[in-house]
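Architecture at a glance
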Amino acid sequence: MSAGDGDDGVRVGGDDERGDRAYHAFWADEVADRVEARDPEEPVVVKGGVSPSGVPHAGHVNEALRGYYVASVLRERDHDVRQVFTSDDRDPLRSIPYRLMTLDGEYVERDGFDVGALGRNLGRPLTDVPDPLGCCDSFGAHQTALLRQAVDAVGVPVDFYSATALYEDGAFADVAADLLARPAEVRALLAEFQDSVDADGDYWPFRPRCESCGIVTGGVRSFDADTRTVRYVCEDIEAGDRTIEGCGHEGVADLTEGKLPWRFEWPAQWAHFRVDFEPFGKDHAEGSWPSGQEIARDLLDVEPPEPLVYEWFTLDGAALSSSSGNVITAGELLELVESDALRYFFAKEPRKQRDLAVASLDGLVDEFDRFERAYFRGVDAADPDQGAAGADPATAERAYPYVLDPRRVPAAATSAADDPGTVDATLDRVAAADPDPADFGRLRAFLEGVFRERVRVPYRFAAVLGMTERADVREEIARREGHLPDDAPAWAVDLALDRVDHARAWADRTGNRFDYRVERGALPDVDVDGDVAAALAEVASVVANGGDGEAVQGELYEAADRHGVEAADVFEAGYRLFFGDDEGPRLGPFLADLDREFVVARLRRER
RNA sequence: GGGCCGAUAGCUCAGUCAGGGAGAGCGACGGCCUCUUAAGCCGUCGGUCGGGGGUUCAAAUCCCUCUCGGCCCGCCA
């Protein structure tokens, strides 16, 4: 069959049956199909997890959002879904971070915290390491708090778990005891995956915390099934390219004091939470995932979750790396773009390598805007965006209601609905990941009704509007340039202009050509030639007399002409006076929009 | 060495599952509004769809192969 036959039919809800295979325009629908095919018990459990050793960065929210989209699809299909997220904070401290972050999102470099104190705690569980910034119970608790902030910031509601708390509660004790009771089976299985494990060797699937020196050590010698304890000798442990010395202490640990090696900890989590679906980065895909599946099925009698391998993204062309400083946090990104756009980035095809370029964030926001337009346009309408990225209406139809951040829908918009209370309650439940079965239908109806009137100002234009702090001037310029329809409701105008501060921060951070700002303070120190000054004084008169933008713009040229100077010199002087820069926006209309008194005085260089 | 994933315009990316016209935005370039300054409008340039081979009437799309990149096969997650 070919598309040229013209009888492919309309894609209903983005879905199309071909034989026994369902095509889905949105990847999360395909994953949800596979989860449903398992016939899971309710609630369906979606899990994610991160080791919080470094500053939690934008890559970590990828894990949370991938799970969120699948959870959302399943919820719309009337499943009860629980999304859990673990902070694997019993992992040992393996290296000294290059920098830390306060709970307020400020970076702290190595000269700002006690490196030695961390160094003396290498090898200990993160939750046993004192917080170098002093605000939390432990370094692990601090990092976990940051991770939680990041997940919250993108609007993914999860049941958050500390691995240490889980161990202390004995959540993994049964699995650990089960595995330790049959070391030969464990060794035989793991030997297939790890050269370092010998099927006839002395490997034990548990790493006790030394009761003497506190490191997460190896050295298990035996397991006592009656007391559910291991005997161990504290041994050296390898951490990257360094060795952390064990103390040689001979001791006994019970199964809440220590941890499972990751390859076992992961299946233990599946068993404990009864996980049905879990996304993970490609680093796991060929490592712990294959062994984890076998451990789960053959040793624990647990069906592994449905997997989703997602690609890592690069930041400005290079891998995210704490040590090289090439990181960006979710919080930083959310200063630059609205949460909807960031959520959109992680709604795109997961298996594709892509670059997140800060300098090109405007392109991401443009793409989100096309995606949103495609949703409102619908599958049957003509497509002004043609084949542009993000503009496929079938994908937008499925994904947009999940991508749109329900927390950002203005209350004034819901109050315009036929039944505001119902819509508010729906949005609250969706935002809290606890929707009623009919909520997605109500959400879609609201979006296609009231929210259809939302307005987006182009991101680069929003950056330009950021040149002035004054909300009334921003709105006036946006209206004049046709970015705010006359009949747009007030909430839509406010929502559109919310973008300005983000885009302004982007222009500021990248120092790009949209990075100009009105110098409202002291008169900039500008040398102005006498003829240019005279020309500017005449422009000032036009402004003082209430000339509109076009009149001021014309006067800039005409005054230059009358005084025998190049228009370019008049413009440059103007840009220097108002922006401290030698270029800027179209000057006449801009000056006409600012408060007249200030403009007149500045043109006369009085203040 | 073995494996998984990827490669489409200068940049960021759609399109690949289901074969049929190579696309978008940005950038660049040119033009327009009494006006060199765009944040508006119009237009142009820009691609052997990483290379090669195969299947087919037809391949960015399916198959094989090679190259390059990321990751895994140690630790850790």
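That block above? That's the structure.
Overview of the structure. Since the model is a prediction, treat every value here as computed from it, not as a measurement.

**Some thoughts on the overall build of chain A**
Tallying secondary structure elements over chain A gives 25 helices and 18 strands in all. For chain A, the spread of C-alpha atoms along the three principal axes comes to 100 × 65 × 45 Å. For chain A, the proportion of its 607 residues judged to be buried stands at 53%. Residue pairs at least 24 apart in sequence account for 69% of intrachain contacts in chain A once pairs closer than 6 positions are excluded. Of the roughly 26,000 Å² that chain A leaves accessible, carbon and sulfur atoms contribute 43%. Put simply, chain A has 66 plus and 123 minus side-chain charges, and the middle of one group is 1 Å from the middle of the other.

**Digging into the sheet that holds strand β10 (residues 229–233)**
Neighbouring strands of a sheet are bound in pairs by backbone hydrogen bonds; such pairs are parallel or else antiparallel. Across the sheet, which stays open at both edges, the 3 strands sit in the order β9-β10-β13 with antiparallel pairing between neighbours. Each edge of the open sheet is held by one strand with a lone partner, namely β9 (220–224) and β13 (250–254). Shown here is a sheet whose adjacent strand axes are inclined to one another by a mean of 20 degrees, direction ignored. Inspection of the sheet shows β10 paired to β13 by 5 bridges, in the antiparallel sense. Considered in β13, the bridge of Val-233 is made with Glu-250.

**Observations regarding the layout of surface pockets**
Empty space among the atoms becomes apparent when a probe as large as a water molecule is rolled across them. Each pocket or cavity is described by its volume, and for the second largest pocket that value is around 310 Å³. The wall of the second largest pocket is formed by 15 residues, among which Arg-38, Glu-41, Arg-274, Val-275 and Asp-276 lie closest to the centre. If one sorts the elements of the lining of the second largest pocket by residue count, helix α8 (residues 262–273) sits on top with 3 residues. Here the residues of the lining of the second largest pocket are counted per class, giving 8 nonpolar, no polar and 7 charged.

**A word on the pairing of strand β3 (residues 44–50)**
Burial within β3 is extensive, with 7 of its 7 residues counted as buried. Residues Val-44, Val-46, Gly-48 and Val-50 point to one face of β3 and Val-45, Lys-47 and Gly-49 to the other, with burial holding for every one of them. With 7 bridges joining them, β3 and strand β4 (residues 81–87) adopt parallel strand pairing. From the neighbouring strand, Val-44 faces β4, where its bridge partner is Val-81.

**Here's the deal with the packing of aromatic side chains**
Applying the stated criterion across every chain, the model contains 35 aromatic pairs. With a centroid separation of 5.0 Å and an interplanar angle of 55 degrees, the aromatic rings of Tyr-459 and Trp-506 are classed as tilted. Placement of the pair is Tyr-459 in helix α18 (residues 459–465) and Trp-506 in helix α20 (residues 490–510), with a sequence separation of 47 residues. Considered together, Tyr-459 and Trp-506 belong to a single accessibility category, that of buried residues. Taken together through their ring pairs, the aromatic side chains of Phe-26, Trp-27, Tyr-68, Tyr-69, Tyr-402 and Phe-440 make up a single cluster. Positioned over the ring face of Tyr-107 is Arg-99, at 3.7 Å from the centre of the ring. Taking NZ or CZ as reference, Arg-187 lies 5.0 Å from the ring centre of Trp-204, over its face.

**Brief notes about the pattern of salt bridges**
Taken as a whole and assessed by the stated rule, the structure comprises 46 salt bridges. For the salt bridge of Glu-36 with Arg-77, the shortest nitrogen-to-oxygen distance reads 2.7 Å. Of this pair, Glu-36 sits in helix α1 (residues 27–37) while Arg-77 is found in the loop between α2 (58–76) and β4, placing the two residues 41 residues apart along the sequence. The shortest N-O distance in the salt bridge between Glu-555 and Arg-562 comes to 2.5 Å. A residue is classified by how much of its surface remains accessible, and Glu-555, at 9% relative accessible area, is buried. Overlapping salt bridges, with partners in common, bring together Glu-338, Asp-340, Asp-369, Glu-372, Arg-408, Arg-454, Arg-456, Asp-498 and Arg-499 in one network.

**With respect to the pairing of β4**
With 6 of 7 residues buried, β4 lies mostly within the body of the structure. As a crossover connection, the stretch from β3 through α2 into β4 is right-handed. Two strands pair when backbone bridges link them, and β4 and strand β7 (residues 159–162) are joined in this way by 4 bridges, in the parallel orientation. Across the sheet, residue Thr-86 finds its bridge partner in β7, namely Tyr-161.

**Some words on the protein's contact with RNA strand B**
Around RNA strand B sit 58 residues in total, of which Tyr-23, Gln-194, Arg-354, Ala-568 and Phe-571 are the nearest. The sugar-phosphate backbone supplies 60% of the atoms of RNA strand B found within 4 Å of the protein. In this structure, Glu-311 approaches RNA strand B through a side-chain N or O atom, which is 3.4 Å from a sugar or linking oxygen. Residue Tyr-557 places a side-chain N or O atom 2.7 Å away from a phosphate oxygen belonging to RNA strand B. Looking at the surface near RNA strand B, its residues break down into 16 nonpolar, 12 polar and 30 charged.

**A short note on the nonpolar core**
Tyr-69, Leu-361 and Phe-451 are the most contacted members of the largest nonpolar core, which has 130 residues in total. In contact with Leu-361, not counting residues within four places along its chain, are Leu-333, Leu-336, Val-337, Leu-356, Tyr-459 and Trp-506. Of all hydrophobic cores here, the second largest spans 57 residues; its members include Leu-126, Cys-210, Ala-268 and Ala-296.

**Some words on the packing of helix α21 (residues 530–544) against helix α23 (residues 567–579)**
In contact at an axis separation of 10 Å, α21 and α23 are set at 75 degrees when each is read in the N-to-C sense. Classified by the interaxial angle, the pair formed by α21 and α23 is roughly perpendicular. Contact residues: α21 offers Val-532, Ala-535 and Leu-536, while α23 offers Asp-569, Val-570, Ala-573 and Leu-577. Along the lines of polarity and charge, the residues of the contact of α21 with α23 split into 6 nonpolar, no polar and 1 charged.

**Topic: a negative patch on the surface**
A cluster of acidic residues, Glu-42, Asp-78, Asp-80 and Asp-434, forms a negative patch on the protein surface. Examined against the element boundaries, Glu-42 turns out to sit in the loop between α1 and β3.

**So, the environment of Asp-595**
Looking at where Asp-595 falls in the secondary structure, it is placed in the loop between α24 (587–593) and α25 (596–603). Taking relative accessible area as the criterion, Asp-595 reaches 24% and is therefore assigned partly exposed. In this structure, the C-alpha to C-alpha distance between Asp-595 and Cys-234, residues 361 residues apart in sequence, is 74 Å. When near neighbours in sequence (up to four residues on either side) are disregarded, Asp-595 contacts Arg-470 and Arg-520.

Calculation notes
- Residues numbered from 1 in each chain as written.
- Chains lettered and ligands numbered in written order.
- Predicted model: local features only at pLDDT ≥ 70, side-chain atom pairs only at ≥ 80, totals over all residues.
- Heavy atoms only, no water.
- Helix = DSSP H or I, 4+ residues; strand = E, 2+ residues; numbered from the N terminus.
- Buried < 20%, exposed > 50% of the residue type's maximum accessible area, 1.4 Å probe, protein only.
- Contact = heavy atoms within 4.5 Å.
- Areas by Shrake-Rupley, 256 points an atom, 1.4 Å probe, with all protein chains shown as cover.
- Lys, Arg positive; Asp, Glu negative; His and termini not counted.
- Charge placed at Lys NZ, Arg CZ, Asp CG, Glu CD.
- Pairing = 2+ DSSP bridges.
- Axes fitted to C-alpha atoms, helices over the stretch in contact; angles between N-to-C directions.
- 1 Å grid on protein atoms, 1.4 Å probe; cavity = no way out; pocket = protein on both sides within 12 Å on 5 of 7 lines; lining within 4 Å.
- Points joined across faces, edges and corners; volume = space filled by probe spheres on them.
- Nonpolar A, V, L, I, M, F, W, Y, C, P; charged D, E, K, R; others polar.
- Phe/Tyr/Trp six-rings, centres within 6.5 Å; stacked < 30°, edge-to-face > 60°.
- Lys NZ or Arg CZ within 6 Å of the ring centre and 35° of its normal.
- Salt bridge = Lys/Arg side-chain N within 4 Å of Asp/Glu carboxyl O.
- Right-handed = clockwise from strand over helix to strand, strands pointing away.
- Near = heavy atom within 4 Å.
- Polar contact = N/O pair within 3.5 Å; in protein donor to acceptor, adjacent residues only side chain to side chain.
- Core = buried A, V, L, I, M, F, W, Y, C linked by side-chain atoms within 4.5 Å.
- Parallel < 35°, antiparallel > 145°, perpendicular 65-115°, else oblique.
- Patch = residues over 30% accessible without salt bridge, like charges linked within 9 Å, V, L, I, M, F, W, Y side chains within 5 Å.

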